[in-house]
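Next come the chains, spelled out residue by residue.
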Amino acid sequence: MTVNLEVAEGVGTLRLDRPPMNALDVATQDRLKELAEEATRRDDVRAVVIYGGERVFAAGADIKEMQNMDHTAMVLRARALQDSFTAVARIPKPVVAAITGYALGGGCELALCADYRIAADNAKLGQPEILLGLIPGAGGTQRLPRLVGPSKAKDLIFTGRQVKADEALAIGLVDRVVPAAEVYEQAHAWAAKLAKGPAIALRAAKESVDTGLETDIDTGLAVERNWFAGLFATEDRETGMRSFVEEGPGKAKFR
């Protein structure tokens, strides 16, 4: 399989496995969607890591496969391409991308679907589609400007240039840069910590933030208000407040 889901200690790792560069062909896109939906359903998956291995995250689409597709074929495929990435973005649990080596084109777009991005100090990211006479087609023109702002996004998309880890950190494209050997370990630790948290509250927080970014502030506040009130019906809220009163902050153990 070109993508696998490995679960341990509440953390599901979506592992890309299509050597040598994890090119995202149609079969890999479909498999990614299938496993993202599985991670969404499974109660034993409380947080998710997206990982391409020690050498490379994903170097983009399979260009040889795409070269043989005409307009009609891509009209039929473009929605499925976006849907596979959107399935990752809509996992209602914390998702972290562990980025090693190249994250280019579709690889960068996949990293954009995560809630948090940890990159190796030798990582390179970018949206080089313009160099092929194309634009990003898996969410890059939408998720990238929402993350780094329109001007920085246009610079990357218009030029197709690659940015090293330090620049990616400076512009907000990644959130942490660590030695290459520590990328997965630190990403897994981030996910494992959240996997022990209140699952419904984390889902509420993610949906509130993501929905708010896509709509006006009044609608966003309504989403937040409804989730906030609704959490008072959960066992986790009872556990968290009781622990705070009896033991102090940060000591609650959620089921």
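A brief look at the structure comes next. (Residues numbered from 1 in each chain as written. Predicted model: local features only at pLDDT ≥ 70, side-chain atom pairs only at ≥ 80, totals over all residues. Heavy atoms only, no water.)

Another aspect to go through is the overall build of the protein. When you go through the protein residue by residue, the secondary structure sums to 11 helices and 9 strands. In terms of overall dimensions, the protein is globule-like: its C-alpha atoms have a radius of gyration of 19 Å, near the 18 Å expected for 255 residues. Referenced to the eigenvectors of the C-alpha coordinate spread, the extents of the protein come out at roughly 60 × 40 × 35 Å. Evaluated residue by residue, the protein yields a buried proportion of 43% over its 255 residues. Within the protein, contacts between residues separated by at least 24 positions form 69% of all contacts whose residues are at least 6 apart in sequence. Approximately 13500 Å² of the protein is accessible, and the part contributed by carbon and sulfur atoms is 55%. In the protein, 32 side chains carry a positive charge and 36 a negative one; their mean positions are 1 Å apart. (Helix = DSSP H or I, 4+ residues; strand = E, 2+ residues; numbered from the N terminus. Rg over C-alpha atoms; globule rule 2.2 N^0.38 Å. Buried < 20%, exposed > 50% of the residue type's maximum accessible area, 1.4 Å probe, protein only. Contact = heavy atoms within 4.5 Å. Areas by Shrake-Rupley, 256 points an atom, 1.4 Å probe, with all protein chains shown as cover. Lys, Arg positive; Asp, Glu negative; His and termini not counted. Charge placed at Lys NZ, Arg CZ, Asp CG, Glu CD.)

In this structure the tally under the stated criterion is 13 salt bridges. Between Arg18 and Asp62 there is a salt bridge whose closest N-O contact spans 3.1 Å. A residue pair is termed long-range when its members are at least 10 positions apart, and Arg18 in the loop between β2 (11–16) and α1 (26–41) and Asp62 in the loop between β3 (47–51) and α2 (63–67) qualify at 44 residues. What makes Asp62 buried here is its relative accessible area of 15%. Between Arg31 and Glu34 there is a salt bridge whose closest N-O contact spans 3.0 Å. (Salt bridge = Lys/Arg side-chain N within 4 Å of Asp/Glu carboxyl O.)

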